[in-house]
Each structure stands twice: as C-alpha cells, then as structure tokens.
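# Residue-level structural notes
Single-letter residue listing:
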Amino acid sequence: MQTNFLSQQFNASFLAENSTACPANATICDGTSCVLPEDNFNQTLSVILSTVLTIMLAMVMFSMGCNVEIKNFLGHLRRPWGIFVGFLCQFGIMPLSAFLLSLAFDILPIQAVVVLIMGCCPGGTASNVIAYWVDGDMDLSISMTTCSTLLAMGMMPLCLLIYTKMWTDSNAIVLPYDSIGISLVALIVPISFGIFVNHKWPSKAKIILKVGSIVGAVLIVVIAVVGGILYKGSWIITPKLWIIGTIFPAAGYTLGFFLARVAGLSWHRCRTVSLETGMQNTQLCSTIVQLSFSPEELELMFTFPLIYSIFQLTFALLILGGYRLYRRRYVKTKTDVEKTAQKEDSKSIAIINGGFVSDEMK
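Residues numbered from 1 in each chain as written. Predicted model: local features only at pLDDT ≥ 70, side-chain atom pairs only at ≥ 80, totals over all residues. Heavy atoms only, no water.

### Details of the overall build of the protein
Operational definition: Under the DSSP-based scheme used, a helix requires at least four consecutive residues in state H or I and a strand at least two consecutive residues in state E, with every element numbered from the N terminus. By definition in these notes, contact holds between two residues if any of their heavy atoms fall within 4.5 Å. Computed with the Shrake-Rupley method and a 1.4 Å probe, the accessible areas treat only the protein chains shown as cover for residues.
What the protein contains, in helices and strands, is 15 helices and two strands. Sequence-distant contacts, at least 24 apart, represent 80% of the contacts inside the protein between residues at least 6 apart. Accessible area of the protein: about 19,600 Å², with a carbon and sulfur share of 65%.

### Examining the environment of Trp 133
Note on placement: Trp 133 falls in helix H6 (residues 126-133). Considered as a pair, Trp 133 and Ile 214 are 81 residues apart in the sequence and their alpha carbons are 9.6 Å apart.

### A short note on a nonpolar patch on the surface
The following threshold applies: To count toward a patch, a residue needs a relative accessible area above 30% and no salt bridge. Like charges then connect within 9 Å, nonpolar side chains (Val, Leu, Ile, Met, Phe, Trp, Tyr) within 5 Å. Should a side-chain nitrogen of Lys or Arg be within 4 Å of a carboxyl oxygen of Asp or Glu, the pair is scored as a salt bridge. Per-residue accessibility, obtained with a 1.4 Å probe over protein chains only, is compared with the maximum for each type, and a residue is labelled buried under 20%, exposed over 50%, and partly exposed between these values.
A grouping of Leu 96, Leu 100, Leu 103 and Met 166 is seen on the molecular surface, where their side chains present a nonpolar patch of about 370 Å² in accessible area. Position of Leu 96 among the secondary structure elements: in helix H4 (residues 81-105). With relative accessibility at 38%, the residue Leu 96 sits in the partly exposed group.

### Considering the side chain of Thr 164
To be explicit about the condition: Each polar contact in these results corresponds to two N or O atoms within 3.5 Å; when the atoms are within protein, one needs to be able to donate a hydrogen and the other to accept it, and residues that are neighboring in sequence are counted only if both atoms are side-chain atoms.
Tracing the sequence through the fold places Thr 164 in the loop between helix H7 (138-163) and helix H8 (177-200). Overall, the relative accessible area of 0% leaves Thr 164 in the buried class. There is a polar contact of 2.3 Å between the side chain of Thr 164 and the backbone oxygen of Leu 160.

### Observations regarding the nonpolar core
Worth spelling out the cut-off: The set of buried Ala, Val, Leu, Ile, Met, Phe, Trp, Tyr and Cys residues whose side-chain atoms join them within 4.5 Å is what this entry labels a nonpolar core.
Judged by nonpolar contacts, the single largest core of 36 residues is most densely connected at Val 115, Ile 117, Met 156, Phe 248 and Val 289. Residue assignment for this core shows that the elements contributing at least two residues are H4, helix H5 (109-120), H7, helix H10 (239-262), helix H12 (282-292) and helix H14 (304-330). At nine residues, the largest contribution of residues to this core is made by H5. One finds Cys 66, Ile 130, Ile 142 and Ala 316 within the second-largest nonpolar core, a separate group that totals 26 residues.

### Looking at unusual backbone geometry
Despite not being glycine, Asp 106 shows a phi value in the positive range, around 50°. For Asp 106, the position within the fold is in the loop between H4 and H5. With relative accessibility at 61%, the residue Asp 106 sits in the exposed group. The backbone phi angle of Asp 135 is positive, close to 60°, even though this residue is not glycine. Note that Asp 135 resides in the loop between H6 and H7. For Asp 135, a relative accessible area of 29% corresponds to the partly exposed category.

### Some words on H5
Defined as follows: Each residue after the first adds 1.5 Å to the expected span of a helix.
The end-to-end C-alpha distance of H5, which contains twelve residues, comes to 16 Å, matching closely the 16 Å that a straight helix rising 1.5 Å per residue would cover. Across the twelve residues of H5, eleven count as buried, placing the element largely inside the fold.

### Structural notes on empty space enclosed by the protein
Our working definition: A cavity here means a set of 1 Å grid points, computed over protein atoms only, where a 1.4 Å probe fits but cannot escape. A pocket is an open set with protein on both sides within 12 Å along at least 5 of 7 lines, and lining residues have an atom within 4 Å of a point. Grid points are joined across faces, edges and corners, and a volume is the space filled by probe spheres set on the points. Three classes are used: nonpolar for Ala, Val, Leu, Ile, Met, Phe, Trp, Tyr, Cys and Pro, charged for Asp, Glu, Lys and Arg, and polar for all others, with Gly counted as polar.
Considering all chains together, one arrives at one cavity of 30 Å³ or more under this definition. In this structure, the largest cavity encloses a volume near 70 Å³. For the lining of the largest cavity, the secondary structure elements donating two or more residues are H4 and H7. In terms of residue count, the dominant contributor to the lining of the largest cavity is H7 (five residues). Here the residues of the lining of the largest cavity sort into five nonpolar, four polar and one charged.

### Describing the confidence of the model for the protein
Stated formally: The pLDDT value tells you how sure the predictor is about a given residue, anywhere from 0 up to 100.
The predicted model of the protein has a mean per-residue pLDDT of 74, with 67% of residues at 70 or higher. Counted against residues more than four places away or in other chains, residues 1-20, with its pLDDT under 50, gives four contacts. Residue range residues 334-362 is modelled with pLDDT below 50. Its contacts to residues more than four positions away, or to other chains, number nine contacts.

### Digging into the packing of aromatic side chains
The condition is simple: Aromatic contacts are taken between Phe, Tyr and Trp rings whose centres are within 6.5 Å, Trp giving its six-membered ring; a plane angle under 30 degrees counts as stacked, one over 60 as edge-to-face, and the others as tilted. Charge over a ring is defined by NZ of Lys or CZ of Arg lying within 6 Å of the ring centre and within 35 degrees of the ring normal.
All told, the structure shown has ten aromatic pairs when counted by the stated rule. The interplanar angle of 75° and the centroid separation of 5.4 Å between the aromatic rings of Tyr 132 and Trp 133 together place this pair among those described as edge-to-face. Plain terms: the ring middles of Phe 248 and Tyr 308 are 5.4 Å apart, the flat faces sit at 80° to each other, and that makes the pair edge-to-face. Of the two residues, Phe 248 is situated in helix H10 and Tyr 308 in helix H14; the sequence distance between them amounts to 60 residues. Here Phe 248 and Tyr 308 have matching classes, each one buried. Seen from the ring of Trp 267, Arg 261 lies directly overhead, with NZ or CZ sitting 3.8 Å from the centre.

### Structural notes on the UniProt feature "transmembrane region" (unreviewed entry) in the protein
To be explicit about the condition: UniProt positions are given in the numbering used here, feature names are shortened, and annotations may be inferred rather than shown by experiment.
Look at the UniProt record and you will see "transmembrane region" (unreviewed entry) annotated at residues 45-63, 83-105, 112-134, 140-163, 175-195, 207-229, 241-260 and 306-326. Helix and strand shares over residues 241-260 are 100% and 0% respectively, and the end C-alpha atoms of the span are 28 Å apart.

Here is the structure:
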C-alpha cells in the first residue's frame, strides 16, 4: 500500500513538473490527457473594453456635436450629395475591396468571411475626432457616421449575401441588430445634446469641443494600445491576415479620397469622406464574429478586427501628421493673413508719409 501511494505521489509530482505532459493549471489529469479550466480572459476584456468604448463614444459624440451648426447639418440632409458619395464608399468600395483582397491572398474561407464582415461594417466614431483635427467638414462627418450606422441594418445583410456566397451561407452569420441599434442611439443622443449646447451657449460649446477632442483622441490611442497588449494570442495570426489588415484601411482611405474628388467635393470634404471610408466600426465586427462562430473557428480569425483597428488608427495618425505639416509649411493661417495685411497697410501709409516705416511693422 505504501509503495502504491509513493508511486502515485511520484507520478503526480512528475506531471506537475513536466509541462509537456500536463499543464500545472489542469483540473483533471490522466497521462497526457488533461481537462483545463475555461479561459474567460478575452470575454472579460471584451466587456471592459466595450464599457470604456461606450463611455468614450458618448463623450466624443457630445463634444463633436458642439461643433455642428443646425443649418449646415440639415443642409447636408436636404442636399445629400456628400452623404451619397460616402454611402458609395462605405457600402460599395469597402465590401468590394474586402472581396478582392480575400481572393488575391487566397486565405481560408472562414478568414475571408471575417474580412468581408469588416468591409461591410458602418463607419466608426473615431473618424469624427480625426476629421476635426484635419479641418474636415464636421457636419458631413457626423451625418455620414449616423446615416451609415442606420443604413447598416439593411446594407450589411445585403452585402454579406452578395459577397459570402462562395465561402459560407450568409444565414450562418448572426447580425446583432441590438448592438447596431445601441450604436445608433449612442450617436444620436449625445450629438443632439451637443448641437443644443452649441445653439444655446456657443462660447461654452467651444471649450467642450476642445476638451472633448483631446480626451477622445487620447482614449482612442489608449484603448488601441491596451487591446493590442492584453488580448491573448492577438499577435499569433497568419501573415496573410497581417498584410490584409495593413492594406485594407490604406485602400479605404485612398479610394474614398479619390472617389470624393472625382465626385467634385471640396478638399476638406474629400478628407472627411476618406476618413469615414477607411475607419470602420471594429467593435461591431468583433461582436458579429463572436456571435457567429465556434471557439475553434475564432482561433483562426478573431483578432483580425484588432489588427485592422491598429492599422486604421496608425494610418489616420499619419494622415493627421502629414496634413498638419502641410498646413504649417504651405497654408497661411488667419493670423498670418492679418499680419500680412497689416504690413501692406503700413507700407502704403509709409509711402504717403515720406517712406517712414516703424520697426514694429518691418
């Protein structure tokens, strides 16, 4: 009896020390066959990030609404040419680009489906923050985000039906209409309050806008970095999906800009449409993926929305940096124009006064 007990004790200690035989956190071990506790890390992290994103969304949309003029916003709705161009980019260019990239890189069917889901998602709210910093048309940006989220309820099923036929049954993809509805409410309610504040207290609205735009930009970066660090297995993904995750947002920004320019939109609206096209609602994509696929399938493509999110933010920051550098070097600000006008006026006065020019005006 004592010999058997020592033998069992030795086997248990051997299995505990030898990680290849059985992991230390296993609950039941029988040789190399082990039962591991369920890992809910990603699910818990997703809930935390969703909560933070919802709070961030409300704050950012309220502050962005403080920069919206009611007349201009209603003008875009009455003459929706800019919104229509954005619609073509959002539900025309992006799903088609996803389809072509999936074919070009010959990825697995389940991976092609997640790329297509990303392409069919509506625009993300981060585009409103970046549009503000690149002097875009905020009225157009917010109206495009709102309309694309509303239209996604019908356009997402249609696009998925068209493009996923060769890989899977579109009925197998679960669309969370409740999540889309929540996103829509989270857009409309804070924006409405922001527009009201801008209408009643314009001076206070400017302060809220500046604070909200800075806080929103910081939170977007922080959430992207935290998600990239904490998500287990986020970097273990096929190189093909890494490449697609890099090319896809870049293609959205570029094609959106050129289509808007071909449609005759002004430069600041082209920048707006470009950002609205390339920046997708990655949180919605993650929700659809989790609802539609088994844990085994999720291992092959769950982190693609995170990869896309990282690169869409990276390219957006590059666009912002490039625009700010261009503006500093080539575009005269309002202050520069006023100083130039003052110098010209002083010189004309100097001619009348015998050529005298004060040192302050030189």
